[in-house]
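Now for the letters of each chain:
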Amino acid sequence: MHHVIIGAGPAGVTAAETIRKHRGGDRITLLGDEDAPPYSRMAIPYYLEGDIAETGTYLRAAAGHYDDLGIDLRQARVGSLDAGAKILKLDGGDELAFDRLLIATGASPIRPPIEGLDLAGVQTCWTLADAREIAKRAEPGASVVLVGAGFIGSIILQALVAKGVQLTVVEMGDRMVPRMLDEAAGTMLKRWCEAKGVRVLTGTTVKAIAKPEAAKPAAPQPEPGFFARLFGQRPPEPTAPPAPVDETLKVTLDNGETMAAKLVVIAAGVRPNIGFLQASGLELGAGVSVDDHLRASAPDIYAAGDVAEARDLSSGQFDVLAIQPVAVEHGHIAALNMAGNPTPHRGSLNMNVLDTIGLVSSSFGSWMGIEGGDRGQLLDEAGWRYLRLEFDGDRLIGGQAVGLTEHVGMMRGLIQTGLRLGAWKDRLVKAPERLTEAYVATAQGIK
Amino acid sequence: MQRALVIDPGKCTGCKQCELACSYEKEGVFNPAKSRIRVFDFHQNARFVPYTCTQCDEAWCQQACPTNAITTDAFGVKNVNDSLCVGCKVCTIACPFGTVNYNATTGKVIKCDMCGGDPACAKACPTDAIVYTDVEQAGYDKMAAWAKRTDAGAQAN
Ligand SMILES: Cc1cc2nc3c(=O)[nH]c(=O)nc-3n(C[C@H](O)[C@H](O)[C@H](O)COP(=O)(O)OP(=O)(O)OC[C@H]3O[C@@H](n4cnc5c(N)ncnc54)[C@H](O)[C@@H]3O)c2cc1C
C-alpha cells in the first residue's frame, strides 16, 4: 500500500508518523514544496525575535528522523490531482501514483487589494522564507507598518516589538483580534499596545504603498585599506552618527494620512491551498470538504489541517479551523483512517492563545456565547484582567481570558467534555474567577 | 514500570506541605504560588483536593507542541525541554486539565515532572494523601477516564 501525503506541515508530518506506527510495511511518501525541512510556522515569531535559529522551528529535531521511520520525504510541488485514476502530477512533469492520499497543503496569505503589494519591502509573514526577508529589514528603530491585527498579525506584532522597531498597526476591524476576542478584551489589548508605544489604528485600511521616485543613493563605501586587510577591520575613524534608517516606502491610509516605512508586513488572513484541486473533481468549499472521518468526496482521499473544511465542535458545522492543534488532531485521525483503523472525528475545538507584549490572552469555543445562554463576566480595566464565560444550560461552551495564565486549559477541558456544572454554574455566572475551583470540584463530585 | 502520583483527597488535611516542597524543589523558594501541585480548598464542604498533572496517556501538551519540546520518558512522564520550548503557550490551552502553566519569568512553560522519579510533594505529605506508586497497583484515576472524553476522535493509541 502506498500512502502519499501532500504538505509537510504539522498535519502532514503527524499523519506520516501515525501511519507508520500502524502500518509497519507500507510505503509512505511525504511531499513538501518549501525550501526547509518540515517546520512549524508557529515558531516563526521566535525565530524573528532571535530566540531560536531556523533549526529551532523544525517539527522534529533529530537528523534522520524521516529516514529512520522509512518516510520518503521529497521536495516537490503537486500541480494537479486525478482523483479517479489516483495519480498526482508534480511540477516538472513527474507523475506519482497513490493508493491512499492525504491532502495537507495548509493555507496561504490573502493579498488584500492594496496598490503596491509587489514592491520590495512589502512582505507577508507566513513562511520561513518570508521571515528571513522580514528579519533583514526589521532593525531596531526602523519604521514598520503591520497591516492586520488578527490572530496571526498580533503574534507578529509581538515579534516586531521585541525587535525594537517603530511599529504602526493598521486594522480594518473596530478592535484587535476581532475573531478571537470580544470588544472589551480587544479594546484592552489595543490600550495595552498603545501604552507600550505601539501606534494602533483600528477601523482603518491601507490604500496604497509606493516607492518614492528619488531615493537617495547610498554613500559609497570606502575601499578597505591597509589596516583592514591586515587586521580584518577598519582603522579607527572619527565616529560618525549612525546612518539614518533607509525609509523607502510611502504608505497611504484610507483617511489620507501618509507615513514612511522601511517594511510593510501584510497579515490580512489566509485561505486554504486548494487551487491545484480545481480540476480534480473533489468537492470543495472554503477548503477541501470532508466527512466525519476526514474523507474527501472521492475514495481513499483524505484532508487535514488548514486546508480541510472539517467539523467544528462548537457549531457542529463544517468549517476551516486554521490552528496548529487542530492540524495535528486532523493529521492523527486522518492517518488512523488511512491505516485501516476507522476513527470518527467528533469535531475540533477552536482555541487560541496570544502574548501581546507580555499581556496574555486566550479564547476557546463559542466565546461569543449563544442566544438564551448565560454569561459570567469579570472586567478589571485597571488590572488588565478580563474573564468571560459562556454557558448553554449548565455546560461551559466558550470562554476568553486576558491577563490569566494559570490553569487556562481547564476551559478546554470543561467545554470539550461537556461536563455538567450543576450548582457551580450559577456561582460562575456571579464569580467567573472561581473557574478553577469549579472545574476541580465538578471533576471530584463536590457540590 | 510506569509509576504515578496517586492522590487521595479524602486523606488531605490542607496543610499545603506539598506546595511548599514543590516550589522549593523546582523554584528554590517556599512559595505556594510557584508550586506545580495545588491544593484546592473547599472549606464549605470541609474538603481539600491536591491537584497536578496526571501524566495522561493522551499527552495533549506534547501533541500540541510545535517544536517537539515536550516528550514522554520511559516512565510515562511528560517533560518540557527548556532549550526547545519557545514559550508559545499552545500547550497551556491544549491541556484540558490546565496543568501546564506559563512562567513569565523564564518565558517557558512548566509542569509536574515527578522530580525525575523522586517527587518532593509525596515525600512531604504527612498523611499519605499523595503517594508515588506503580500505576497498575493504583488502578485508574478518575481523571484519566475523563481525559478520553476530551478527544476529538477515539484515541486508538
Ligand atoms: C507566524 C505564524 C504564527 C502562528 N502562530 C500560531 C499559534 O500561535 N497557534 C496556532 O494554533 N497556530 C498558529 N499559526 C497557524 C499554524 O501554523 C497553522 O495552523 C499550521 O501550520 C497548519 O498546519 P498544516 O499542516 O495544515 O499546514 P502548513 O503548516 O501550512 O503546511 C502545509 C505545507 O504544504 C505545502 N504545500 C502547499 N501546497 C502544496 C503543493 N501543491 N504541493 C506540495 N506542497 C504543498 C506548503 O508549502 C506547506 O509547507 C501560526 C502561523 C504563522 C504563519
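Reading the values: rules and limits
- Residues numbered from 1 in each chain as written.
- Chains lettered and ligands numbered in written order.
- Predicted model: local features only at pLDDT ≥ 70, side-chain atom pairs only at ≥ 80, totals over all residues.
- Heavy atoms only, no water.
- Core = buried A, V, L, I, M, F, W, Y, C linked by side-chain atoms within 4.5 Å.
- Buried < 20%, exposed > 50% of the residue type's maximum accessible area, 1.4 Å probe, protein only.
- Contact = heavy atoms within 4.5 Å.
- Phe/Tyr/Trp six-rings, centres within 6.5 Å; stacked < 30°, edge-to-face > 60°.
- Helix = DSSP H or I, 4+ residues; strand = E, 2+ residues; numbered from the N terminus.
- Domains from an automatic or database assignment.
- Buried area = accessible area lost by both parts, 1.4 Å probe.
- Salt bridge = Lys/Arg side-chain N within 4 Å of Asp/Glu carboxyl O.
- Polar contact = N/O pair within 3.5 Å; in protein donor to acceptor, adjacent residues only side chain to side chain.
- Nonpolar A, V, L, I, M, F, W, Y, C, P; charged D, E, K, R; others polar.
- pLDDT = per-residue confidence, 0-100.
- Near = heavy atom within 4 Å.
- Pairing = 2+ DSSP bridges.

Visitor: Would you mind showing me how to read the nonpolar core here?
Guide: In a soluble, globular protein the nonpolar side chains are often hidden away together inside. Residue and element names in this part refer to chain A. Within the largest apolar cluster, 95 residues are counted, with the highest numbers of intra-cluster contacts made by Leu 160, Leu 167 and Val 265. Ignoring any residue separated from it by four or fewer positions in sequence, one finds Leu 167 in contact with Val 144, Leu 146, Leu 157, Leu 160, Val 161, Val 198 and Arg 199. If you look at the next biggest cluster of nonpolar residues, it comprises 48 residues, including Ile 19, Leu 96, Val 288 and Ile 333.

Visitor: How do you make sense of the packing of aromatic side chains when you look at a structure like this?
Guide: The geometry of two aromatic rings is summed up by the distance between their centres and the angle between their planes. Following the criterion strictly, the structure yields five aromatic pairs over all chains and no others. Judged by centre distance (5.0 Å) and plane angle (80°), the rings of Trp192(A) and Trp384(A) are edge-to-face. Within this pair, whereas Trp192(A) is found in helix 6 (residues 183–195), its partner Trp384(A) is found in the loop between strand 24 (375–380) and strand 25 (385–392), the two being separated by 192 residues in sequence. Look at Tyr24(B) and Phe30(B): their rings are 4.4 Å apart centre to centre, the planes differ by 5°, and that puts the pair in the stacked class. Assessed through its relative accessible area of 47%, Tyr24(B) is described here as partly exposed.

Visitor: Honestly, the domain arrangement of chain A in this entry has me stumped. Any pointers?
Guide: Many authors give the size of an interface as the accessible area that is lost as the parts come together. Residue and element names in this part refer to chain A. The assigned domain composition of chain A is domain 1 (2–109 + 270–338), domain 2 (122–211 + 244–266) and domain 3 (358–444). With centres defined by C-alpha atoms, the gap from domain 1 to domain 2 works out at 30 Å. Of the residues lining the interface, 17 residues belong to domain 1; the matching set on domain 2 comes to 14 residues. Taken together, the two surfaces of domain 1 and domain 2 that pack against each other cover about 1500 Å², and 70% of this comes from carbon and sulfur. For the interface between domain 1 and domain 2, the tally reads two salt bridges. Between Arg 132 and Glu 54 there is a salt bridge whose closest N-O contact spans 2.6 Å. Summed over the shared surface of domain 1 and domain 2, the result is six residue pairs in polar contact (both at pLDDT 80 or more).

Visitor: Explain the interface of chain A and chain B to me, please; I cannot follow it from the model alone.
Guide: On the side of chain B, 41 residues touch chain A, which itself brings 52 residues to the contact. In total, about 4100 Å² of surface goes out of reach between chain A and chain B, with carbon and sulfur atoms giving 60% of it. Summed over the three residues of chain A that lose the most area to chain B, namely His407(A), Gln444(A) and Ile446(A), the buried surface amounts to 14% of that side. The interface formed by chain A and chain B includes one salt bridge. With a shortest N-O distance of 2.9 Å, Asp355(A) and Lys89(B) are connected by a salt bridge. Scanning the region where chain A abuts chain B turns up seven residue pairs in polar contact (both at pLDDT 80 or more). Sorting the residues of the side of chain A that touches chain B by element identifies helix 1 (10–22), helix 8 (324–338), strand 22 (351–356), strand 23 (359–365), helix 9 (409–417) and helix 11 (435–443) of chain A as the ones contributing at least two each. Of the residues that constitute the side of chain A that touches chain B, the class distribution is 25 nonpolar, 18 polar and nine charged.

Visitor: Would you mind showing me how to read helix 11 of chain A here?
Guide: Helix 11 of chain A sits mainly inside the fold: eight of its nine residues count as buried. Of all the residues in helix 11 of chain A, the buried ones are Leu435(A), Thr436(A), Ala438(A), Tyr439(A), Val440(A), Ala441(A), Thr442(A) and Ala443(A).

Visitor: Is there a simple way to explain the confidence of the model for chain B in this structure?
Guide: The predicted coordinates of low-pLDDT regions are not to be read in fine detail. Residues of chain B with pLDDT of at least 70 account for 85%, and the chain-wide mean is 88. As a predicted assembly, this complex carries a pTM of 0.90 together with an ipTM value of 0.89.

Visitor: Would you mind going over the site of the ligand with me for this structure?
Guide: Within the structure, the ligand sits among 30 residues, and Asp33(A), Glu34(A), Val78(A), Asp306(A) and Gln324(A) are positioned closest to it. The site occupied by the ligand is bordered by residues of chains A and B. Measuring from an oxygen atom of the ligand, one finds a backbone N or O atom of Pro10(A) at 3.3 Å. At 3.5 Å, a backbone N or O of Ala322(A) approaches an oxygen atom of the ligand. Those elements that provide at least two residues to the shell around the ligand are helix 1, helix 5 (151–162) and helix 8 of chain A.

Visitor: Which parts of the structure should I look at to understand unusual backbone geometry?
Guide: Leaving glycine aside, a negative phi is the common case for residues, and trans is the common case for peptide bonds. The backbone of Leu294(A) shows a phi angle near 65°, a positive value even though the residue is not glycine. One can find Leu294(A) in the loop between strand 18 (288–289) and strand 19 (301–303).

Visitor: What am I meant to see in the environment of Ile52(A) here?
Guide: By the element assignment, Ile52(A) lies in the loop between helix 2 (44–49) and helix 3 (65–68). Between the C-alpha atoms of Ile52(A) and Ala334(A), which are 282 residues apart in sequence, the distance is 31 Å. Excluding its chain neighbours within four sequence positions, the residues that come into contact with Ile52(A) are Ala43(A), Tyr46(A), Tyr47(A), Thr57(A) and Val86(B).

Visitor: I keep staring at the pairing of strand 14 (residues 249–253) of chain A and nothing clicks. Help me out?
Guide: Two faces make up the sheet, and in a regular strand the side chains alternate between them. All names here are of chain A. Along strand 14, four of the five residues are buried, which leaves the element largely enclosed by surrounding structure. Here strand 13 (residues 206–210) runs beside strand 14; their pairing, made up of four bridges, is antiparallel. The residue of strand 14 that forms the bridge with Ala 208 is Thr 252. Two strands pair when backbone bridges link them, and strand 14 and strand 15 (residues 258–261) are joined in this way by four bridges, in the antiparallel orientation. Bridge pairing in strand 15 links Leu 249 to Ala 261.

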